[in-house]
Amino acid sequence: MVTGRILFLVIHVLGIACFSYIVAKRLVPLIRGERDLRFDHPWVRLGRVLKFWLGQWKHPRYRTAGTLHIFIFAGFIVLAIRAFSVLIVGVSKDFVMPGLSGRAGPIYDIITDYAATIVFLCMVIAVIRRLVFKPARYAVPARYGKAHTADAIFLLSLIAILMVADSLFAAAKAAAQFHASQSVETLAAFSLPWMLQRILVSTPLPALGRLYFGAYFVHELTFYFLLCYRPFGIQFHVETSLFYIYFAKLDREILKPVRWGVADEHLDQVKSFGVKTFEDFTWKHMLDFYSCADCGRCSDNCPANAVGRPLSPRFIGIKARDYTFQHYPVLGRAKNGTALIGTKDSGGIYSEDEIWSCTTCGACEEECPLLVEYIDKIVDLRRGMVDEGNVPQSLQKPLKALESRSNPYGKLEKKKADWANAKEFQQVCPVKTLAKANGTGTLYFVDSITSYDDRMQSIGRATAKILNHVGENFGILGAAERDSGHEVRRFGEETLFMALRDHNLDAIKASGVQRIVTADPHAYNALKHDYKDVPPVEHISQVIAREMKAGKIKFNPVENENSVYTYHDPCYLGRHNQVYNDPRDVLDAIPGLQRVEMTRSRDRSFCCGGGGLMLFYEPKEDQRMGVKRVQMAAEAGANVIVTACPFCMVNIEDAIKVAGFEGRMAAIDLAELVDQQIVRDALAPKAC
Ligand code: SF4
Ligand code: SF4
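Residues numbered from 1 in each chain as written. Chains lettered and ligands numbered in written order. Predicted model: local features only at pLDDT ≥ 70, side-chain atom pairs only at ≥ 80, totals over all residues. Heavy atoms only, no water.

Q: How should the overall build of the chain be read in this particular structure?
A: A tally of regular secondary structure across the chain gives 28 helices and nine strands. Projected onto the principal axes, the alpha-carbon positions of the chain cover approximately 100 × 55 × 45 Å. Within the chain, the proportion of its 688 residues that are buried is 56%. Partitioning the intrachain contacts of the chain with sequence separation of at least 6 by distance along the chain shows that 79% fall at a separation of at least 24. In the structure as shown, the chain presents an accessible area of about 29,200 Å², 60% of it carried by carbon and sulfur atoms. The centroid of the 82 positive side-chain charges in the chain is displaced by 4 Å from the centroid of its 73 negative side-chain charges. (Helix = DSSP H or I, 4+ residues; strand = E, 2+ residues; numbered from the N terminus. Buried < 20%, exposed > 50% of the residue type's maximum accessible area, 1.4 Å probe, protein only. Contact = heavy atoms within 4.5 Å. Areas by Shrake-Rupley, 256 points an atom, 1.4 Å probe, with all protein chains shown as cover. Lys, Arg positive; Asp, Glu negative; His and termini not counted. Charge placed at Lys NZ, Arg CZ, Asp CG, Glu CD.)

Pasting the structure below:
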């Protein structure tokens, strides 16, 4: 026994020493990484740990895998105390965990018997899923390397062995107690230890002793092997996820600053913008790479991946993690400093197209059960490319136009309000251009696409008419309004964004308005989250829903009873700002309007492909995102797609033609539909 005790003591010491050494090496890049301020709001962060880590909040979004994970996680939590006490038993035979010496002990033992059984069964099911059912999201396309199936099966098998060894240890002990006519430890009926004890009941005592020792030995070795092996692959999330979720981003819709702790006015002192080498990532973003469980949910929901663009968010993380393992090895010296964007031969891990392919739609982040962040990383990589003058050809023209004319179309500022100033429209619905601090209550912030695109100007006119109808005292900035800079910022051109923002801020302040309304979710998101100290901002769908509930907006029945409507959630209204219900409430209030929901709706909405200056970028893809989206609408049985964003309108109208649905399907903006259906009664001011 003394020999056994020494052996187990050596295993403990070696196991803990190895694990500590490996973790210390894994922390090296994090120490070298950029700053990231994640130490605020400790109570909010703890609440999120309870919700997303302990409560496994996002896992049921994938029912089978999520349920399995919840069982495994719960089993691990229950077994954690048991594992700890079993480890100590090896060196101190009579050790009992404090609090478990009385009645609580047998109750806890019964719970752990079932927990070990459930975890074992989950491992068997998980292996069968991986080998037989092979969910598509686990597959690794050839361009991203080799499949991780073998590694996953190996790890699942190790956990299964751990459960069997633990159960065998308890079963052998109970069977030996029975032979020695001692009081027998209660084992939970039909649990794995219980079944093993039944098998072992006729085994001779000496053999049981060897089995007891052997099971313990296997348990110890497997436990420490798992502990030390996990930091080399996807299972590292078991150790990191608790910290990871604590430090997860609290305000997902706010883009990361260029450098944490450096105010905008001091950015000229920053030598390099964005992420160029691995060490330019923040420590938290590096922790993301360790924490990804490789479940594939992000890529399964990524529209860029779905249409065959060279982007799969899962591999943005996996490739960076592999890079860390290679460049910060556990044995040997760190080799840092290579550029991340470039060919494999040059040491790069990402291609330019990969990083430009993202629409910043947020579907990946919405889905990830571990709250891994992608948009900030992608924007930081773009900032790095822009800083080096590395901008795709098709985006150079709109960027130059934004610099010289403050809009991506290169149109004259003085033409910005032409849509509103047209004589015929002014007669129907006069729109004021705000003079300095004239005290007008509301600013309608139009933004570039609605101001300059002939088709989208109809959304501007419908919005103005709705505001006029509900008696809103509003105006526009006209030539004083510049592009909101929303896409520019997500494109990575921070300096240009700041110039546009500062000009707009001055104009908004000078106008003296108390609130802002916009019909463009991109402008809405910029004003709400990228700008500071602006009056409260609303999207027109929120205004319509509110005024409708107040009785100021009433609707005529739809004329065509054969029309079936579906609502497409714009990413920057839905996922980034959680405005899901207002547009639907408005549609449902229109008499006779038949509405169906697409399978991918609300927070699972599928991006039309318009975000992040994508209207001007032509990525390599098998199919357009918009085409896929209109096919989804057709599958849902709809022939009218309603959206609430001019960018969506451009893509969806175009996609209807490309997909061959012209004449059979139409797209309309919510503001246009409301303007069309509104009852213009005595309540409505003037001719509007
Ligand atoms: S933000 Fe959207 S497009 Fe970009 S990686 Fe995530 S899911 Fe894909
Ligand atoms: S980032 Fe999140 S969703 Fe994507 S593979 Fe990793 S854990 Fe899964």
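There is more to say after this.
Q: Whenever I open this one, the sheet that holds strand 6 (residues 564-567) confuses me. Can you help?
A: Strand pairing in a sheet relies on backbone hydrogen bonds. The paired strands run either parallel or antiparallel. In spatial order, the strands read 7-6-8-9; together these four strands make up an open sheet with parallel pairing. Strands at the two margins of the open sheet, each flanked by one partner only, are strand 7 (594-596) and strand 9 (666-669). For this sheet the average axis-to-axis angle between neighbouring strands, irrespective of direction, equals 35 degrees. As judged from the three bridges shared by strand 6 and strand 7, these two strands associate in the parallel manner. In the strand pairing of strand 7, Thr 566 is matched with Val 596. (Pairing = 2+ DSSP bridges. Axes fitted to C-alpha atoms, helices over the stretch in contact; angles between N-to-C directions.)

Q: Sorry, what's going on with the site of ligand 1 here?
A: For ligand 1, the full set of nearby residues is Cys 302, Pro 303, Leu 311, Pro 313, Cys 358, Thr 359, Thr 360, Cys 361, Gly 362, Ala 363, Cys 364 and Ile 375. Residue composition of the shell around ligand 1, grouped by class: nine nonpolar, three polar and no charged. (Near = heavy atom within 4 Å. Nonpolar A, V, L, I, M, F, W, Y, C, P; charged D, E, K, R; others polar.)

Q: How should the site of ligand 2 be read in this particular structure?
A: Lining the immediate surroundings of ligand 2 are 13 residues, of which Cys 292, Cys 295, Gly 296, Cys 298 and Cys 368 lie closest. Each residue belonging to the shell around ligand 2 can be placed in one class, and the counts come to nine nonpolar, one polar and three charged.

Q: Would you mind showing me how to read the pairing of strand 8 (residues 640-643) here?
A: Look at any regular strand and the pattern is simple: side chains alternate between the two faces of the sheet. Neither face of strand 8 is open: one carries Val 640 and Val 642, the other Ile 641 and Thr 643, and all of them are buried. Relative to strand 8, strand 6 runs parallel, the two being bridged by three bridges. Residue Thr 566 lies in a different strand from strand 8, and its bridge partner there is Ile 641. Two elements, strand 8 and strand 9, share four bridges in a ladder whose sense is parallel. Across the sheet, the residue bridging to Ile 641 is Ala 667, located in strand 9. Running through helix 27 (residues 646-658), the crossover from strand 8 to the neighbouring parallel element strand 9 is right-handed. (Right-handed = clockwise from strand over helix to strand, strands pointing away.)

Q: I would appreciate a short explanation of a nonpolar patch on the surface in the present structure.
A: A cluster of nonpolar side chains, namely Val 124, Ile 128, Leu 131, Val 132 and Phe 133, defines an oily patch on the protein surface of about 480 Å² accessible area. Here Ile 128 falls in the partly exposed class, since its relative accessible area comes to 39%. (Patch = residues over 30% accessible without salt bridge, like charges linked within 9 Å, V, L, I, M, F, W, Y side chains within 5 Å. Salt bridge = Lys/Arg side-chain N within 4 Å of Asp/Glu carboxyl O.)

Q: It is not clear to me how the sheet that holds strand 1 (residues 432-433) should be interpreted in this structure. Could you clarify?
A: In spatial order, the strands read 1-3-2-4-5; together these five strands make up an open sheet with parallel pairing. Either end of the sheet is taken by a strand with one partner, and the two such strands are strand 1 and strand 5 (537-539). Pairing between strand 1 and strand 3 (residues 474-476): two bridges, direction parallel. Within strand 3, the position partnered with Thr 433 by the bridge is Ile 476. Running over the sheet, helix 20 (residues 457-469) touches strand 2 (442-444), strand 3 and strand 4 (515-518) and is turned about 160 degrees from strand 2. Against the sheet, helix 23 (residues 521-530) contacts strand 4 and strand 5, and its axis sits at roughly 160 degrees relative to strand 5.

Q: Explain the nonpolar core here, please?
A: One broad trend across soluble globular proteins is that nonpolar side chains are buried collectively. With 144 residues, the main nonpolar core has Phe 278, Leu 340 and Tyr 350 as its most contacted residues. Per-element tally for this core: the top contributor is helix 22 (residues 494-511), with seven residues. Formed by 22 residues, the second largest nonpolar core is a distinct cluster that contains Val 86, Leu 168, Ala 172 and Leu 208. (Core = buried A, V, L, I, M, F, W, Y, C linked by side-chain atoms within 4.5 Å.)

Q: Just checking my understanding: could you explain the packing of aromatic side chains for this structure?
A: The relative placement of two aromatic rings is captured by the distance of their centres and the angle of their planes. A complete count under the given rule lists 28 aromatic pairs for this structure. Ring centres of Phe 278 and Phe 289 lie 6.0 Å apart, and the angle between their planes is 35 degrees; this geometry places the pair in the tilted category. Residue Phe 278 is located in the loop between helix 8 (237-246) and helix 9 (283-291), and its partner Phe 289 is located in helix 9; the two are separated by 11 residues in the primary sequence. Following the ring pairs from residue to residue traces out a cluster consisting of Phe 8, Phe 169, Tyr 212, Phe 213, Tyr 216 and Phe 217. Above the face of the Phe 232 ring, Arg 26 is positioned so that its terminal group lies 5.0 Å from the ring centre. Against the face of Tyr 374 rests Lys 377, its NZ or CZ located 4.9 Å from the ring centre. (Phe/Tyr/Trp six-rings, centres within 6.5 Å; stacked < 30°, edge-to-face > 60°. Lys NZ or Arg CZ within 6 Å of the ring centre and 35° of its normal.)

Q: Any chance you could explain the side chain of Thr 277 here in plain terms?
A: Considering the arrangement of structural elements, one finds Thr 277 in the loop between helix 8 and helix 9. Since its relative accessible area comes to 19%, Thr 277 is described here as buried. Excluding residues that lie within four positions of it along the chain, Thr 277 makes contacts with Gly 337, Thr 338 and Leu 340.

Q: Explanation requested: helix 5 (residues 149-179) in the structure shown.
A: Because each turn of an α-helix spans 3.6 residues, side chains separated by three or four positions end up pointing in the same direction. Between its terminal C-alpha atoms helix 5 stretches 44 Å, which fits the 45 Å expected from 31 residues at 1.5 Å a residue. Ser 181 occupies a position one or two residues after helix 5 and carries a positive phi of about 55 degrees. (Expected span 1.5 Å × (residues − 1).)

Q: Mind showing me how you'd approach the pairing of strand 4 here?
A: Burial along strand 4 is two-sided: the face carrying Arg 515 and Val 517 and the face carrying Ile 516 and Thr 518 are both buried. Bridge analysis of strand 2 against strand 4 gives three bridges, and the strand direction is parallel. Residue Leu 443 lies in a different strand from strand 4, and its bridge partner there is Ile 516. Bridge count for strand 4 against strand 5 is three bridges, and the pairing is parallel.

Q: How should the environment of Pro 591 be read in this particular structure?
A: Structurally, the position occupied by Pro 591 is in the loop between helix 25 (581-588) and strand 7. As a C-alpha pair, Pro 591 and Val 558 span 33 residues in sequence and 6.5 Å in three-dimensional space. What Pro 591 contacts, discounting residues up to four positions off in sequence, is Phe 555, Asn 556, Pro 557 and Val 558.

Q: So what exactly am I meant to see when it comes to the state of the cysteines here?
A: In this structure the tally under the stated criterion is zero disulfides. Unpaired in this structure, Cys 18 has its nearest cysteine sulfur neighbour in Cys 228, at a distance of 5.0 Å. (Disulfide = S-S within 2.5 Å.)

Q: How should unusual backbone geometry be read in this particular structure?
A: Of note, the phi angle at Asp 447 is positive, near 70 degrees, even though the residue is not glycine. As for its placement among the helices and strands, Asp 447 is situated in the loop between strand 2 and helix 19 (448-452). Even without glycine at this site, Asp 533 takes up a positive phi of about 55 degrees. By secondary structure assignment, the location of Asp 533 is in the loop between helix 23 and strand 5.

Q: Where do I start with the pattern of salt bridges in this structure?
A: Oppositely charged side chains can form a pair if their charged atoms are brought close together. The full count for this structure, using the stated rule, is 48 salt bridges. One salt bridge in this structure joins Arg 515 and Glu 472, with 2.6 Å as the shortest N-O distance. With Arg 515 in strand 4 and Glu 472 in the loop between helix 20 and strand 3, this pair connects stretches of sequence that are 43 residues apart. With a shortest N-O distance of 3.8 Å, Glu 547 and Arg 546 are connected by a salt bridge. For Arg 546, a relative accessible area of 34% corresponds to the partly exposed category. Bridged by salt links that share partners, the residues Lys 256, Asp 380, Arg 383, Arg 489, Arg 490, Glu 494 and Asp 530 form one connected network.

From the geometry alone we can't say anything about function, so treat these as descriptive.
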